[in-house]
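The lines below spell out each chain.
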Amino acid sequence: MEFVTNSPEETEELGERLGRALSPGDVVAFTGDLGAGKTAFTRGIARGLGIGDRVTSPTFAIVNEYEGGRLPLFHFDMYRLTSSDELFDIGWEDFLRRGGVCAVEWSETVRDALEPDTIYVDIRRGAEDNQRILTLHGPGLDDLGEGDAL
Ligand code: ADP
Ligand code: MG
């Protein structure tokens, strides 16, 4: 399912729509470069889950946890991992079991460890400065409605 957004707010809104549809244990795996909008989208997921805290990039922490919403949100940044072997060190499997939503930036690094029911969100730059092309794959996306327009 493909969407085009023209501002960070629109990307966040799309994330919010996904956030409202997510279930316990769901994993949302992002692909896309620095500045694509992965954190902006995750901010929307948090809003869709009813989390009031502002989501910031977890680059230095690897994972940030947000409680207080419909489901907890675990926001990972795998940029500094060198392979999925290191997932054991950060307790990935425990996070999966905690009944929250895992949003994973730089999932390219750990792709071989992700389950088949992972929801993939790829974000690319479009022709215009603020344009982004978002491609979503995975189960449970029908609730988001049609692609393209928001
Ligand atoms: P990432 O986490 O992928 O590195 P961020 O979400 O932190 O990216 O940053 C995205 C940057 O791109 C922000 O500076 C934001 O203002 C800008 N931007 C411009 N247009 C968009 C858009 N349509 N969607 C998301 N971000 C956008
Ligand atoms: Mg980011």
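None of these values were measured; they are calculated from a predicted model.

Strand order in the open sheet formed by seven strands is 1-7-6-2-5-4-3, with mixed pairing between adjacent strands. For this open sheet the edge positions go to strand 1 (2-5) and strand 3 (63-66), each flanked by a neighbour on one side alone. Each strand axis lies, on average, 20 degrees off the axis of its neighbour in the sheet, ignoring direction. Where strand 4 (residues 73-77) and strand 5 (residues 101-105) come together, five bridges link them in parallel fashion. When the sheet's bridge partners are listed, His75 is paired in strand 5 with Ala103. The sheet strands contacting helix 1 (residues 8-21) are strand 1, strand 2 (27-31) and strand 7 (132-137), and the helix crosses strand 1 at an angle near 145 degrees.

Protein-derived coordination of the magnesium ion (ligand 2) comes from Thr39 (OG1) and Glu105 (OE), at a distance range of 2.2 Å. Here Glu105 lies in strand 5 and Thr39 lies in helix 2 (residues 38-48), a separation of 66 residues in the sequence. Taking relative accessible area as the criterion, Thr39 reaches 16% and is therefore assigned buried.

Criteria and thresholds
Residues numbered from 1 in each chain as written. Chains lettered and ligands numbered in written order. Predicted model: local features only at pLDDT ≥ 70, side-chain atom pairs only at ≥ 80, totals over all residues. Heavy atoms only, no water. Pairing = 2+ DSSP bridges. Helix = DSSP H or I, 4+ residues; strand = E, 2+ residues; numbered from the N terminus. Axes fitted to C-alpha atoms, helices over the stretch in contact; angles between N-to-C directions. Contact = heavy atoms within 4.5 Å. Donors = N, O, S within 2.8 Å, 3.2 Å for Na, K, Ca; no water. Buried < 20%, exposed > 50% of the residue type's maximum accessible area, 1.4 Å probe, protein only.

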